[in-house]
Amino acid sequence: MFPTRRAGAAAATVIVIVLILAAAGAAAWYFLLRSTPDKTVARLLQAQRDGDEETFESLLTEDSRGRANLLRTVTSHLVKAGDEPQYTIGEAEVEGESATVPVTFPLPEQMADVIGVTEIGASYVLEREEGLWRVAAGRTLTQMGRDLMNVAREVMRGGQSE
């Protein structure tokens, strides 16, 4: 009877250890490894800062990879290479298989002095593809155009009220 008790305790210990490892693995996947819209945008902007064209393109939807150069060019005007990112990634708005991630970029001081705006917002549009969030280049460029028009309207209103 005594050896059976030890075997039962050992089996229980093994089961507890396996459950703890499984829970730790699931937590690591959920918090660190799973694809989210804001993580995808952060990786895209980091790839731009690093000049990593392969990673940049891999973060785009399959059908928008033909527009990678155009999105990379637009993004390069907003993202500065360097040690610290000069932008702020906002909270993603997810609607089904589509998401929008707002990013705020500071403007150069000279430009900010001229137009009276210190930062500009640009939204990246993403789609879930094969279980991963990827940037839809065409939709992102369209949304960025809208965002820029909104800034222009605000600048014009500010100029008219003075």
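Our subject is the structure listed above.
Residues numbered from 1 in each chain as written. Predicted model: local features only at pLDDT ≥ 70, side-chain atom pairs only at ≥ 80, totals over all residues. Heavy atoms only, no water.

Asks: Explain the overall build of the protein chain to me, please; I cannot follow it from the model alone.
Replies: When you go through the protein chain residue by residue, the secondary structure sums to six helices and five strands. Counting helices and strands in the order they occur from the N terminus, the protein chain gives α-α-α-α-β-β-β-α-β-β-α. Counting every position in the protein chain, which comprises 162 residues, the buried fraction comes to 30%. Taking the intrachain contacts of the protein chain between residues at least 6 apart in sequence as the baseline, contacts between residues at least 24 apart amount to 53%. (Helix = DSSP H or I, 4+ residues; strand = E, 2+ residues; numbered from the N terminus. Buried < 20%, exposed > 50% of the residue type's maximum accessible area, 1.4 Å probe, protein only. Contact = heavy atoms within 4.5 Å.)

Asks: For this particular structure, what's the right way to read helix α2 (residues 37-50)?
Replies: Because an α-helix packs 3.6 residues into every turn, residues spaced three or four apart end up facing the same way. Under the 1.5 Å per step criterion, the end-to-end length of α2 is 20 Å for 14 residues, consistent within 8% with the ideal 20 Å. Looking at α2, one finds that the buried residues are Pro 37, Thr 40, Val 41, Leu 44, Leu 45, Ala 47, Gln 48 and Arg 49. Looking one or two residues beyond α2, the residue adopting positive phi is Gly 51, at roughly 70°. (Expected span 1.5 Å × (residues − 1).)

Asks: How do you make sense of a nonpolar patch on the surface when you look at a structure like this?
Replies: A cluster of nonpolar side chains, Met 111, Val 114 and Ile 115, forms an exposed patch at the surface whose accessible area comes to about 280 Å². Tracing the sequence through the fold places Val 114 in helix α5 (residues 109-115). According to the relative accessible area criterion, Val 114 is exposed, its value standing at 70%. (Patch = residues over 30% accessible without salt bridge, like charges linked within 9 Å, V, L, I, M, F, W, Y side chains within 5 Å. Areas by Shrake-Rupley, 256 points an atom, 1.4 Å probe, with all protein chains shown as cover. Salt bridge = Lys/Arg side-chain N within 4 Å of Asp/Glu carboxyl O.)

Asks: Before we go on, may I ask you to explain the packing of aromatic side chains in this structure?
Replies: Evaluation of the coordinates by the stated rule reveals one aromatic pair. Ring plane angle 55° and centroid distance 5.9 Å describe the contact between Tyr 87 and Phe 105, whose orientation is recorded as tilted. You can see Tyr 87 sitting in the loop between α4 (68-78) and β1 (88-89) and its partner Phe 105 sitting in strand β3 (residues 98-106), a full 18 residues away along the chain. For the pair formed by Tyr 87 and Phe 105, the shared burial category is buried. (Phe/Tyr/Trp six-rings, centres within 6.5 Å; stacked < 30°, edge-to-face > 60°.)

Scope: geometric values only; no functional claims are made or implied.
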